[in-house]
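If you want the building blocks of each chain, they are given just below.
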Amino acid sequence: MTLASVCILAGGEATRLPGKLSMAVGDVPMLVRVYRNVSPGRDTWLSTKGPLSEEIAALVDAPQVVDRWPLRGPLSGLLSTLSEMRSEWVFAIAGDAPFVDAAFIDRLEAHVTPQYDAIVPMHDENTKRIEPLASLYRRDAFLREGMPVLLGGDGALRLVIDRLRARFVPVRDDRAFANVNTPDDYAKIREALT
């Protein structure tokens, strides 16, 4: 199977922690760390709300697609970017998830078969909590089913997944799902990396 491409979502408003994608995680900005973790050997694109800062742009060599429907959440960013991409499968990842790496994508790709349109990590089978922004999507199916959800006004990724032939894969690595939304989250990430 051909390797999935990657779409990094870097266009959110980050109202609880403005500028978080530029904040240092290790020795580079958070978005650069995510890019370096997931891009080796893969066609990688960025969904943005506008131009990247010069510091980040100098370290990230990936096409950027500006969200066509700003302020509509990650679904609009994914639809904007996936409509420009051409690969059959795309791994969607949030730009503030510094522990997801290429090996994580490989594990999900092992579950790709023709009968599925999405491979979605699930924290455990009891809670059914899923990670839509660390998932593999068949690009054409996501575009087909995502647009009605966006136009319907809700925009929740879970609603798109409900419309897809999804395989839910238990992943027992909560560290992979760590992301940064608050100053406390950022402090925990920095501590984990020291």
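Residues numbered from 1 in each chain as written. Predicted model: local features only at pLDDT ≥ 70, side-chain atom pairs only at ≥ 80, totals over all residues. Heavy atoms only, no water.

Draft legend 1. Highlighting the overall build of the protein chain. Helix and strand counts for the protein chain come out as seven helices and nine strands. Relative to a compact globule of 194 residues, whose C-alpha radius of gyration would be 16 Å, the protein chain shows 16 Å and is just as compact. Expressed along its principal axes, the backbone C-alpha trace of the protein chain runs to roughly 40 × 35 × 30 Å. Burial statistics for the protein chain: of 194 residues in total, 50% are counted as buried. Within the protein chain, contacts between residues at least 6 apart in sequence are counted, and of these 71% link residues at least 24 apart. A total accessible area of about 9,300 Å² is found for the protein chain, and carbon and sulfur atoms account for 50% of it. The centroid of the 23 positive side-chain charges in the protein chain is displaced by 3 Å from the centroid of its 26 negative side-chain charges. (Helix = DSSP H or I, 4+ residues; strand = E, 2+ residues; numbered from the N terminus. Rg over C-alpha atoms; globule rule 2.2 N^0.38 Å. Buried < 20%, exposed > 50% of the residue type's maximum accessible area, 1.4 Å probe, protein only. Contact = heavy atoms within 4.5 Å. Areas by Shrake-Rupley, 256 points an atom, 1.4 Å probe, with all protein chains shown as cover. Lys, Arg positive; Asp, Glu negative; His and termini not counted. Charge placed at Lys NZ, Arg CZ, Asp CG, Glu CD.)

Draft legend 2. Here's a closer look at the environment of M147. Along the polypeptide, M147 turns up in helix 5 (residues 139–151). With 13 residues separating them in the primary sequence, M147 and V160 have C-alpha atoms 8.8 Å apart. Ignoring sequence-local partners within four residues, the contact set of M147 consists of W69, L79 and F142.

Draft legend 3. Structural detail: the sheet that holds strand 6 (residues 89–94). Ordered by their spatial adjacency, seven strands build an open sheet running 5-4-1-6-8-7-9, and the pairing between neighbours is mixed. Two strands bound the open sheet, and with one partner strand each, they are strand 5 (64–66) and strand 9 (166–170). The sheet shows a mean angle of 25° between the axes of neighbouring strands, taken without regard to direction. (Pairing = 2+ DSSP bridges. Axes fitted to C-alpha atoms, helices over the stretch in contact; angles between N-to-C directions.)

Draft legend 4. Spotlight on the pairing of strand 4 (residues 44–48). Most of strand 4 is tucked away, with five of its five residues classed as buried. Of the two faces of strand 4, the one lined by T44, L46 and T48 and the one lined by W45 and S47 are each fully buried. Judged from the three bridges that link them, strand 4 and strand 5 form a sheet pairing that is parallel. Note that in strand 5 the partner of S47 across the bridge is V65.

Draft legend 5. Quick peek at the pairing of strand 6. Within strand 6, six of the six residues are buried, leaving the element largely enclosed by the surrounding structure. Judged by which residues are buried, strand 6 turns out to be covered on both faces: W89, F91 and I93 on one side and V90, A92 and A94 on the other are all buried. Alignment of strand 1 (residues 5–10) against strand 6, held across five bridges, turns out to be parallel. Paired with S5 across the two strands is V90, which belongs to strand 6. Strand direction decides the pairing type here: strand 6 and strand 8 (residues 134–138), joined by five bridges, are antiparallel. Across the sheet, the residue bridging to V90 is Y137, located in strand 8.

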